[in-house]
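Analysis of the macromolecular model
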Amino acid sequence: MTAGTDSALTDTSRRCIVQKFGGSSVASAELIQRVARRIAATHAKRGRVVAVVSAMGDSTDELISLAHKVNPAPPSREMDQLLSTGETITAPLMAMALERLGVPAISLTGLQAGIRTSSVHRSARIVDIVPQRIIDELERGRVVVVAGFQGVDEALDITTLGRGGTDTTAVALAVELSAERCEIYTDVAGVYTADPRVEPRARLIPEIAYEEMLEFAAVGAKVMHPRAVEIGETYSMPIVVRSTFEDQPGTLICQHPAMEDRQKIRGIAHDSGVAKVILTRVPDRPGIAAAVFGAIGKAGINVDIIVQNVSHDGFTDLSFTIAEEDLSRSRPVLEEVAREVQAEQVVADTGIATVSVVGTAFLGTPGMFARIFDALSAQGINVEQITTSQIHVTVIIARDRVADAVRALHAEFELEHD
Ligand code: ADP
Ligand code: ASP
Ligand code: MG
């Protein structure tokens, strides 16, 4: 992907704004009309608007469960054909709602919007955008409504960008069109110190650096898709996360947030959508991990936390986390790999969740880990596994204790206070 260089795009007085609306913001006909009024207001004030929309409400989840009813391990290509239809429905509905308000609008699918991706179904990456159609429509004075989350690969097969991927469509388009900024409209007022639905005392973060937001999103703060933040950072595209329903400034994700906001614990993220896979009694010899993760990677399945236990009499247990959603399609691959490396069996545990403490304060501050473990053990929460990076600590715990863990850590790091 390249940042737009067309002079019609970079003319600052004529820069467009990209506005993305998530599933809960477009969950009904009434909400689509409400969002259309918001887009119309921006159009009246600014002229050039690209709106990127998600599937209505929970329709992606419903499509996934429908697919699993007809085939518990549906082929990924067919899943993409199916899942892309969610966004394909919202875009024309939004364009119709805009037309009704007297605002000229046109909807485009990912293909029509020129979004070219890799061929990795269900987690494709945008490799290129051919934006000419969008530019032409903007020139004609139309609001362009793009179906998020979808693109096409070289063979023109439909791909999707991974759950939450409409954010990525929006930021990538903002970069390609040299937009002034990318606005992500959602059902909360911005990025908080923890999921406000789990910890009501969570505080809104007015500004956050890309780097921190990326880490926060990668460990479960699902308010932003990690790839979207990564693209924003690479091309220094300002991203604003704010409420669809209230007129509030929200959170600015940018390169250099206010100095005093750095060097501290940013927030607590959790992810209950993970599963732990354990290959038991794997012979402990070189090349095993490469064989296992090579095969899983080839199947397009993302592996997160990897733990290899200490070897006993030449055997070891190899465990790792994946998205629970990927479990059914990874089964055949895992069974095959287990046979290949002569593991005893493959066990999957879906009773777990991860909770992460995120922030630059980990750099050179002793005692951080002790605080995390003390806060959790005071609640009787057992830590099953731990991983760390320079800007986060992640623990694996029982899924039914996740809300307690988030609140305990939020209190421990005094995140409700500024
Ligand atoms: P959309 O459909 O608009 O893309 P998502 O459901 O993907 O919305 O993301 C918004 C949700 O993210 C919120 O409703 C909230 O429950 C959740 N969330 C998790 N962590 C955070 C956080 N740190 N700040 C704000 N929201 C968060
Ligand atoms: N509809 C897709 C999902 O639910 C993409 C998105 O909403 O960003 O994951
Ligand atoms: Mg989302």
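Above this note sits the structure.
Residues numbered from 1 in each chain as written. Chains lettered and ligands numbered in written order. Predicted model: local features only at pLDDT ≥ 70, side-chain atom pairs only at ≥ 80, totals over all residues. Heavy atoms only, no water.

**Quick look at the overall build of the protein chain**
A tally of helices and strands in the protein chain yields 12 helices and 20 strands. The C-alpha radius of gyration of the protein chain comes to 22 Å, within 12% of the 22 Å expected for a compact globule of 418 residues. Seen along its three principal axes, the alpha-carbon backbone of the protein chain occupies a region of about 75 × 50 × 40 Å. Counting across all 418 residues of the protein chain, residues that qualify as buried make up 52%. (Helix = DSSP H or I, 4+ residues; strand = E, 2+ residues; numbered from the N terminus. Rg over C-alpha atoms; globule rule 2.2 N^0.38 Å. Buried < 20%, exposed > 50% of the residue type's maximum accessible area, 1.4 Å probe, protein only.)

**Observations concerning the site of ligand 1**
With respect to spatial proximity, 19 residues lie near ligand 1, and among them Thr186, Asp187, Tyr192, Asp195 and Arg197 are the closest. Gly23 places a main-chain nitrogen or oxygen 3.1 Å from an oxygen atom of ligand 1. Contacts to ligand 1 include Asp195, whose side-chain N or O atom sits 2.8 Å from an oxygen atom. Out of a free accessible area of 580 Å², ligand 1 has 89% covered by protein chains. The residue makeup of the shell around ligand 1, split by class, is nine nonpolar, five polar and five charged. (Near = heavy atom within 4 Å. Polar contact = N/O pair within 3.5 Å; in protein donor to acceptor, adjacent residues only side chain to side chain. Areas by Shrake-Rupley, 256 points an atom, 1.4 Å probe, with all protein chains shown as cover. Nonpolar A, V, L, I, M, F, W, Y, C, P; charged D, E, K, R; others polar.)

**Some remarks on the site of ligand 2**
In the region of ligand 2, the neighbouring residues are Ser54, Ala55, Thr60, Glu87, Phe149, Arg163, Gly164, Gly165 and Thr166. In the environment of ligand 2, an oxygen atom lies 2.7 Å from a nitrogen or oxygen atom belonging to the side chain of Arg163. Contact distances for ligand 2 include 3.0 Å between an oxygen atom and a backbone N or O atom of Thr166. Contact with the protein chains hides 87% of the accessible area of ligand 2, taken as 260 Å² for the molecule alone. Considering only residue class, the shell around ligand 2 consists of two nonpolar, five polar and two charged.

**Quick notes on helix 8 (residues 226–234)**
Those residues of helix 8 that fall on the buried side of the exposure criterion are Arg227, Ala228, Val229, Ile231 and Gly232. Each element contacted by the buried residues of helix 8 is listed here: strand 5 (126–129), helix 6 (166–176), helix 7 (210–218) and strand 11 (239–243). (Contact = heavy atoms within 4.5 Å.)

**Comments concerning the side chain of Gln385**
With respect to the helices, strands and loops of the structure, Gln385 is situated in strand 19 (residues 385–389). Among the residues examined, Gln385 registers a relative accessible area of 14% and is labelled buried. Those residues within four positions of Gln385 in sequence are excluded, and the remaining contacts are Lys276, Val307, Ser319, Thr394, Val395 and Ile396.

**Considering the environment of Arg133**
You can see Arg133 is positioned in helix 5 (residues 132–139). Note: C-alpha distance between Arg133 and Met224 (91 residues apart in sequence) is 27 Å. Other than its neighbours up to four places away in sequence, Arg133 contacts Ile106, Leu108 and Gln112.

**A short note on the sheet that holds strand 13 (residues 265–271)**
One key point about sheets: their strands pair by backbone hydrogen bonds, in either a parallel or an antiparallel sense. Pairing in this open sheet of four strands is antiparallel, and the strands run 13-18-20-19 from one edge to the other. Both edges of this open sheet fall to strand 13 and strand 19, since each of them pairs with a single strand only. Along the sheet, successive strands turn relative to each other by an average axial angle of 15 degrees, direction set aside. Sheet topology places strand 18 (residues 352–359) next to strand 20 (residues 392–398); seven bridges connect them, and they run antiparallel. Along strand 20, the bridge assignment pairs Val358 with His392. Strands strand 13, strand 18, strand 19 and strand 20 of the sheet are contacted by helix 7, whose axis makes an angle of about 25 degrees with strand 13. Sheet strands touched by helix 12 (residues 402–412): strand 13, strand 18 and strand 20. Its angle to strand 18, the strand with the most contacts, is close to 15 degrees. (Pairing = 2+ DSSP bridges. Axes fitted to C-alpha atoms, helices over the stretch in contact; angles between N-to-C directions.)

**Quick notes on the sheet that holds strand 15 (residues 306–308)**
With respect to topology, four strands assemble into an open sheet ordered 15-16-14-17, the strand pairing being antiparallel. The open sheet terminates on both sides in strands that have one partner only, identified here as strand 15 and strand 17 (345–349). On average, each strand axis in the sheet is inclined to that of its neighbour by 15 degrees, with strand direction left out of account. Set on the sheet, helix 9 (residues 288–298) makes contact with strand 14 (274–283), strand 15 and strand 16 (315–323); between it and strand 16 the angle comes to about 25 degrees.

**Observations regarding the pattern of salt bridges**
Scanning the entire structure with this criterion turns up 28 salt bridges. Salt-bridge contacts for Glu137 lead to Arg140; the nearest nitrogen and oxygen are separated by 3.0 Å. Where Arg281 meets Asp313, a salt bridge forms, and the shortest distance between an N and an O atom there is 3.9 Å. Taken together, the residues Arg281 in strand 14 and Asp313 in the loop between strand 15 and strand 16 connect sequence positions 32 residues apart. Judged by relative accessible area, Arg281 falls into the partly exposed class, the value being 35%. Classification of Asp313 by relative accessible area gives exposed; the value is 64%. (Salt bridge = Lys/Arg side-chain N within 4 Å of Asp/Glu carboxyl O.)

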